[in-house]
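These are the residues of each chain, in order.
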Amino acid sequence: MSSSSSASIEWDNYRFLQKYVYSRAGIVLEDNKHYLFESRLAPILQRLGLDTINDLCVLLRESGEVEVGHRVVEAMTTNETYFFREPAQYEAIRTTLLPRLKEESQYPKKLRFWSAAASTGQEAYSLAMLLLEQGLAEWDLEILGTDISTHVLERARSGRYQQIEVNRGLPAPLLRKYFTSSGLDWQLKDEVRRMVRYEAVDLRESMRSRRPFDLVFCRNVMIYFDAETKTKILRELRGVLGQGGWLLLGGSEPAFGAEEWFERQFIGGATVFIAR
Ligand SMILES: C[S@@+](CC[C@H](N)C(=O)[O-])C[C@H]1O[C@@H](n2cnc3c(N)ncnc32)[C@H](O)[C@@H]1O
């Protein structure tokens, strides 16, 4: 089998793939992403015994292979994540949001959280560990973790992480307390794993039927969308947050008109968007 070179993706196939991924996930891949397509799609070519990305495009165009199409889109998502990413945001939750919710909530104390581009689960589980560390185990807690990629969700549900993954951001005391070593990997204990429910959700879908959340993480995913998609998602997210609910975006992401629905506040080193 020959490996494809940049020149080997014909231009109309490149356009086809751009549109294919955009229509199925909203992800914008610019004209200079040949290398990304090649590196991400190589394992799929290999599995299918295809020589080039052009052959893959023929398959997608002509046979309407749903499963292959799904794998292509998944391969083009970027799933980078780690425990307690942007620690200032977790610190703001600990010092400001949780005390406020504790004060406001009536018995039984219910708190609802959503990790809306959860990837392999580190974001949702970091929050779960934080809640346990704050002594909230007896509360009625719901953490929803969603992602468009079913592949990452399977990993998230398993709660199994490699050494290199637990080395990123997870404080050693929390590793010792909430994980057990399992061969070369680390297994998150059921006590934490059971706190998060995972579901496949495309952020471009209507969120109208979702219950009000106290906090939504929507971090490091908007960067892949165009302005129209971002604005629509921000409006929908406002709709699922109760007044005063928090939206946390990735620290380096522009907030694209979020001020229309949210008040931007700086808490410690964190930027927080509070539903108006
Ligand atoms: C870079 S990860 C961010 C993970 C985590 N939020 C963090 O900040 O560490 C981006 C995730 O967004 C997901 N994603 C991409 N497009 C999506 C869409 N249209 N709907 C839902 N999730 C999407 C990807 O599958 C990927 O797992």
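Refer to the preceding data block for the structure.
Below is a summary of the structure that appears in this document. (Residues numbered from 1 in each chain as written. Predicted model: local features only at pLDDT ≥ 70, side-chain atom pairs only at ≥ 80, totals over all residues.)

The next thing to look at is the overall build of the protein. Each helix and strand in the protein was counted, giving 11 helices and 10 strands. On C-alpha atoms alone, the protein measures out to a radius of gyration of 20 Å, which is about the 19 Å that the 2.2 N^0.38 rule sets for 276 residues. In terms of overall dimensions, the protein has a C-alpha envelope of 60 × 50 × 30 Å along the principal axes. Burial status across the protein gives 36% buried among its 276 residues. Sequence separation of at least 24 residues holds for 76% of the intrachain contacts in the protein that already meet a minimum separation of 6. (Helix = DSSP H or I, 4+ residues; strand = E, 2+ residues; numbered from the N terminus. Rg over C-alpha atoms; globule rule 2.2 N^0.38 Å. Buried ≥ 20, exposed ≤ 12 C-beta atoms within 10 Å, placed from the backbone. Contact = placed C-beta atoms within 7 Å.)

Turning next to the sheet that holds strand β4 (residues 179–182). In space, the 3 strands of this open sheet follow the order β3-β5-β4, with antiparallel pairing throughout. With partners counted over all chains shown, the strands left at the sheet margins are β3 (160–162) and β4, one partner each. Recorded for the sheet is a direction-independent mean angle of 30 degrees between the axes of neighbouring strands. Across 4 bridges, β4 lies against strand β5 (residues 185–188) in antiparallel orientation. (Pairing = 2+ DSSP bridges. Axes fitted to C-alpha atoms, helices over the stretch in contact; angles between N-to-C directions.)

To continue, consider the packing of helix α2 (residues 34–48) against helix α4 (residues 66–76). Between α2 and α4, the shortest axis-to-axis distance is 9 Å and the interhelical angle comes to 150 degrees. By the criterion of interaxial angle, the relationship of α2 to α4 is roughly antiparallel. Helix-helix and strand crossings are classified by hand; for α2 and α4 the assignment is right-handed. Across the interface between the two elements, Arg-40, Leu-41 and Ile-44 from α2 touch Arg-71, Val-72, Ala-75 and Met-76 from α4. The class makeup of the residues in the contact of α2 with α4 is 5 nonpolar, no polar and 2 charged. (Parallel < 35°, antiparallel > 145°, perpendicular 65-115°, else oblique. Left-handed = near helix turned anticlockwise from the far one by under 90°. Nonpolar A, V, L, I, M, F, W, Y, C, P; charged D, E, K, R; others polar.)

Let's shift gears to helix α6 (residues 122–133). The end-to-end C-alpha distance of α6, which contains 12 residues, comes to 16 Å, matching closely the 16 Å that a straight helix rising 1.5 Å per residue would cover. For α6, the full list of buried residues reads Gln-122, Glu-123, Ala-124, Tyr-125, Ser-126, Leu-127, Ala-128, Met-129 and Leu-131. Gly-135 sits one or two residues past α6 and shows a positive phi near 75 degrees. (Expected span 1.5 Å × (residues − 1).)

Compared with an ideal rise of 1.5 Å per residue, which puts 18 residues at 26 Å, helix α5 (residues 87–104) spans 25 Å between its outermost C-alpha atoms and is within 8% of the ideal. Maximal helix bending in α5 amounts to about 35 degrees, located at Ile-93. For α5, the complete set of buried residues consists of Gln-89, Tyr-90, Ala-92, Ile-93, Leu-97 and Leu-101. Its buried side turned inward, α5 meets β1 (110–115), α6, β7 (213–218), β8 (241–249), β9 (262–267) and β10 (270–275). (Bend = angle between axes of the 7 residues up to and from the residue.)

We now examine the pairing of β10. Looking at chain direction, β8 and β10 are connected through 2 bridges and run antiparallel. Counterpart to Leu-247 in the pairing with β10 is Phe-273. Pairing analysis gives 6 bridges linking β9 to β10, with the strands arranged antiparallel. Following the sheet pairing, Glu-263 is matched in β10 by Ile-274. Joining the antiparallel neighbours β9 and β10 is a turn of 2 residues, in which Gly-268 adopts a positive phi near 60 degrees.

Once that is clear, we can look at the site of the ligand. Near the ligand, the surroundings consist of 24 residues, among which Thr-77, Thr-81, Ala-117, Ser-119 and Asn-220 are the closest. In terms of residue class, the shell around the ligand is made up of 8 nonpolar, 9 polar and 7 charged. Summarising the domain contributions, the shell around the ligand has at least three residues from each of domain 1 (6–76) and domain 2 (87–275). (Near = placed C-beta within 6 Å. Domains from an automatic or database assignment.)

Ranked by size, the top nonpolar core spans 59 residues in total, and within it Ala-128, Ile-143, Val-216, Cys-218, Leu-237 and Leu-247 carry the most contacts. Among the elements that make up this core, the one with the highest residue count is α6 (6 residues). Residues contacting Ile-143, with those up to four places away along its chain left out, are Phe-113, Ser-115, Ala-124, Leu-127, Ala-128, Met-195 and Val-196. Within the second largest apolar cluster, 13 residues are counted, among which are Ile-9, Leu-56, Val-72 and Met-76. (Core = buried A, V, L, I, M, F, W, Y, C linked by C-beta atoms within 7 Å.)

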